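Structural overview
Residue strings, one per chain:
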Amino acid sequence: MTEFMDLEAQDGVRMPWNVIPGTKQEASNCVVPVSAIYTPIKAFPVNNNSMPILPYAPLRCRTCRSILNPFSIVDFAAKIWICPFCFQRNHFPPHYASITDDNLPAELFPQYTTIEYEPPGPGEKSSVPPVFMFVVDTCIIEEEMSFLKSALSQAIDLLPDNSLVGLITFGTLVQVHELGGFGQIIPKTYVFKGSKDVSKDQLLEQLNFFIKKPKPSTGVIAGVRDGLSSDTIARFLVPAFDCEFTLNSVLEELQKDPWPVPPDQRSTRCTGTALSIAASLLGACVPGSGARILAFVGGPSTEGPAAIVSKNLSEPIRSHKDLDKDSAPHYHKAVKFYDALSKQLVHQGHVLDLFACALDQVGVAELKVAVEKTGGLVVLSDSFGHAVFKDSVRRVFHSGDYDLGLSSNGIFEINCSKDIKVQGIIGPCASLEKKGPLCSDAVVGQGNTSAWKMCGLDKATSLCLVFEIVKKEIPDATLQSTNNQFYFQFLTYYQHNCGQMRLRVTTLSRRWVAGPGSVQDLIAGFDQEAAAVVMARLVSFKMEIEAEFDPIRWLDKALIHMCSRFGDYQKDSPSSFSLSPRFSIFPQFMFHLRRSQFVQVFNNSPDETAYFRMILNRENVTNSVVMIQPSLISYSFHSGPEPALLDVAAIAADRILLLDSYFTVVIFHGATIAQWRKAGYHNQPEHQVVNFVVDFDFNAK
Ligand SMILES: [Zn+2]
């Protein structure tokens, strides 16, 4: 496994098949698709050998536009490089004239298969400030309200000074707060009905966007350059350093939604309308620049176009059973609404982050599409007073070594050898529908494209790229030749949190095999952890989109095919069966996956399932493996911390067990330890060794 970890440390990539089945037939026999879990802007440790950031623009192949990389063949005498993707011969431009065997530019160093470019841009002055639009639910009890207010005011303290901030509150009505009302004592608010979706034009009309300047008769309204006065924008999006006082006083005054709620009714809560207004306001004011809508939702949406349940408490909120039977009356309408919202946000380049804090479901299942396609963050908790919520909000704005590295405006592109096509991506991104010869007809996830929008991405965001091998057969001549490498190039353009546009380029090469005798090579390159994670994302995805899909049967069939292809056995002799160490824990992963929250959904609400899947779809291999198969660590006096089997046998009187299933951490004290703890031994200095401090942080992940 360590060699796969090393590859991940170099390029941020893990592939189930590091030796690739070379033909269509061979690949389909391998069951787990040729795929990769890729972390586009993974943070690498800074040392002598760390990824360089080149202060110039990349050199591109004139035919396929892929970028010069260590796998390009260079003719130093003729000053020519050959593109490994399309074999085009390219001349080096004059400023590469001094290139020789021992005077290479960094992008040709063999160890820099992952590299970043930051060509000189418009510079610090014109760089666009980050924008945060807070959208706050007021249909919550006083206690929750005070928790939320205190979390928000802490967040406001942490806002970068140059950022722009806006505030919308909602309940029965939507209120857009004019934070930049110059010279006003009481900030003005604009009120909208929650029951009706508001079009962008209506919104701008009502917010008096056209008082000083008439509305242009044609074209869309988008930002200052299209005729919106910057004064008008500044009424709703205010620099953080300017509005801290106003914002805090608005929050201070913020009241619980005043409309009476009869005892047999739910509150009137128009989450969808509020989010739509937030999106349109940002679309008018700051289209194309990095903006996040931070939605704080404390209960189910019951009003307007995206209600998930009626106000009548006698109607329960939809369960998995209802969704299965197609008897959730609001579900499809709400999903359709959020799908449209996701398209609008992706078009504008804006992110939706969801903080869902309630004992009830709030509609995460319906909102999922908008959060996931925009690369938003999701936090699910029982209460705004819960540490998970409070710490998560802080993390969003935290800067320094342990920040999330939130970046924006990403575009992700793939190039690969011509025998490979791209089926799609399962992960937080949206297809840009850039069709081309690279796109497979068999679409998985976000497909039909070779370019994807990533409105929001961070250091941890990990995509699952699914490929199709299209080579039909191998002519004998090629088998003998040395040209048995496939190449992949992943390009990520993004706005780094310093404000500059950067381009991260990862170029990979993997050997392919085909024909008799290739099984051993395939086994040697098999990364079973990556394979388990790809299968987990695939099965979750299929459960969501295929109506009659039977996940257990699908996983079982996959495992049986894998074992019959890669196991060693004599026919009719079960005891002769053995698997290579490369495959040894894969069956166990499948066993746990079958029982996991991703497959056994009936123990959870649709909101919880949506939440688990969104996290699975954005995490790296190591974290995802823990979600599939929890890790159990044993602490005792006899030895250091050691992994223990997930079995009752692991329980012992003198042990502390730590179970980490990623979403929850459970600590078990053995009987003896529990007695010691009761006696207070851990507080006595002479028994310091008893004082096991298990330091964990849910949100650090
Ligand atoms: Zn090329």
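Preceding this paragraph is the structure being described.
Attention here is on the structure that accompanies the text. (Residues numbered from 1 in each chain as written. Predicted model: local features only at pLDDT ≥ 70, side-chain atom pairs only at ≥ 80, totals over all residues. Heavy atoms only, no water.)

**A short note on the overall build of the protein**
Keep this limit in mind: Counting from the N terminus, the helices are DSSP H or I runs at least four residues long and the strands are E runs at least two residues long. Note that the radius of gyration is over C-alpha atoms, with the globule rule given as 2.2 Å times the number of residues to the power 0.38. The buried label goes to any residue with under 20% of its type's maximum accessible area, the exposed label to any with over 50%, and the partly exposed label to all in between, with areas taken from a 1.4 Å probe on protein chains only. For this analysis, residues touch if any pair of their heavy atoms sits within 4.5 Å. Computed with the Shrake-Rupley method and a 1.4 Å probe, the accessible areas treat only the protein chains shown as cover for residues. Neither His nor the chain ends is counted toward charge; the positive residues are Lys and Arg and the negative residues Asp and Glu. To locate a charge, the coordinates of NZ of Lys, CZ of Arg, CG of Asp or CD of Glu are taken.
Along the backbone of the protein there are 19 helices and 29 strands. Whereas a compact globule of 701 residues would reach a radius of gyration of roughly 27 Å, the protein reaches 27 Å, a difference of no more than 12%. Oriented by its inertia axes, the alpha-carbon framework of the protein measures out at about 80 × 75 × 60 Å. A burial count over the protein gives 54% of its 701 residues as buried. Counting only contacts in the protein whose residues sit at least 6 apart along the sequence, the fraction spanning at least 24 positions is 71%. Here the protein has roughly 31,500 Å² of accessible surface; of this, 55% comes from carbon and sulfur atoms. Side-chain charges in the protein split into 62 positive and 72 negative, and the spacing between the mean points of these groups amounts to 5 Å.

**Let's talk about the pairing of strand S21 (residues 463-469)**
As a reminder, the rule being used: Only strands joined by at least two bridges in the DSSP assignment are considered to pair.
Burial analysis of S21 places seven of its seven residues in the buried class, the great majority of the element. Strand direction decides the pairing type here: strand S3 (residues 35-38) and S21, joined by four bridges, are antiparallel. The residue bridging Ala36 from the neighbouring strand is Leu465, located in S21. As paired elements, strand S18 (residues 420-426) and S21 share six bridges and run antiparallel to each other. Among the inter-strand pairings, Gly424 is bridged to a residue of S21, identified as Val466.

**As for the sheet that holds S21**
With antiparallel pairing, four strands are arranged side by side in an open sheet as S1-S3-S21-S18. The strands lining the two open edges of the sheet, one partner per strand, are strand S1 (13-14) and S18. Where S1 and S3 come together, two bridges link them in antiparallel fashion. The partner of Arg14 across the bridge, within S3, is Ile37.

**Structural notes on the sheet that holds strand S6 (residues 80-82)**
Short version of the rule: An axis is simply a line fitted to the C-alpha atoms; with a helix, the fit covers only the stretch in contact. Between two such axes, the angle follows the N-to-C directions and lies from 0 to 180 degrees.
A sheet is described by the order of its strands in space; here three strands give the open sequence S5-S6-S7, paired in antiparallel fashion. Looking at the sheet topology across the chains shown, the edges are occupied by strand S5 (73-75) and strand S7 (89-91). Averaged over all adjacent pairs, the angle separating strand axes in this sheet is 25 degrees, with direction ignored. Where S5 lies against S6, three bridges are found, and the strand directions are antiparallel. Opposite Asp75, over in S6, you have Ile80 as the bridge partner.

**Considering helix H16 (residues 586-595)**
We count it as follows: Note: the arc covers the axis-to-C-beta directions of the helix.
Those residues of H16 that sit buried are Phe586, Phe589, Met590, His592 and Leu593. Taken around the axis of H16, the buried residues stretch over an arc of 165 degrees, which confines them to a single face. Tucked inside the fold, the buried residues of H16 contact helix H14 (528-545), helix H15 (551-566) and helix H18 (621-628).

**Quick notes on the coordination of the zinc ion**
The line we're drawing: Because water is not among the atoms used, a metal site may look incomplete, as its donors are only the N, O and S atoms within 2.8 Å, or 3.2 Å for Na, K and Ca. Donor angles set the geometry label: tetrahedral for four donors if every angle is between 85 and 135 degrees, square planar for four and octahedral for six if opposite donors exceed 155 degrees and the others are between 65 and 115, irregular for anything else.
Only Cys61 (SG), Cys64 (SG), Cys83 (SG) and Cys86 (SG) from the protein coordinate the zinc ion, and they sit 2.2 to 2.3 Å from it. Around the zinc ion, the four donor atoms are arranged such that angles at the metal cover 101 to 117 degrees; this shape is classified as tetrahedral. Sequence spacing of the donors to the zinc ion: C-x2-C-x18-C-x2-C. Taken together, the positions of Cys61 in the loop between strand S4 (53-54) and S5 and Cys86 in the loop between S6 and S7 put the pair 25 residues apart, joining distant regions of the chain. By relative accessible area, which is 28% here, Cys86 ends up partly exposed.

**Topic: the packing of aromatic side chains**
The following threshold applies: Planes of paired rings set the category: under 30 degrees apart is stacked, over 60 is edge-to-face and the rest tilted, where pairs are Phe, Tyr or Trp rings (Trp by its six-membered ring) whose centres lie within 6.5 Å.
Evaluation of the coordinates by the stated rule reveals 33 aromatic pairs. Here the aromatic rings of Phe526 and Phe583 are separated by 4.1 Å at their centres, their planes lie at 10 degrees, and the arrangement is stacked. Residue Phe526 is found in the loop between helix H13 (518-524) and H14, and its partner Phe583 is found in the loop between strand S25 (573-578) and H16; the two are separated by 57 residues along the sequence. Side by side, Phe526 and Phe583 carry an identical accessibility label, which is buried. The structure contains a cluster of three or more aromatic residues connected by ring pairs, namely Phe132, Phe134, Phe296, Phe355, Phe384, Phe389 and Phe397.

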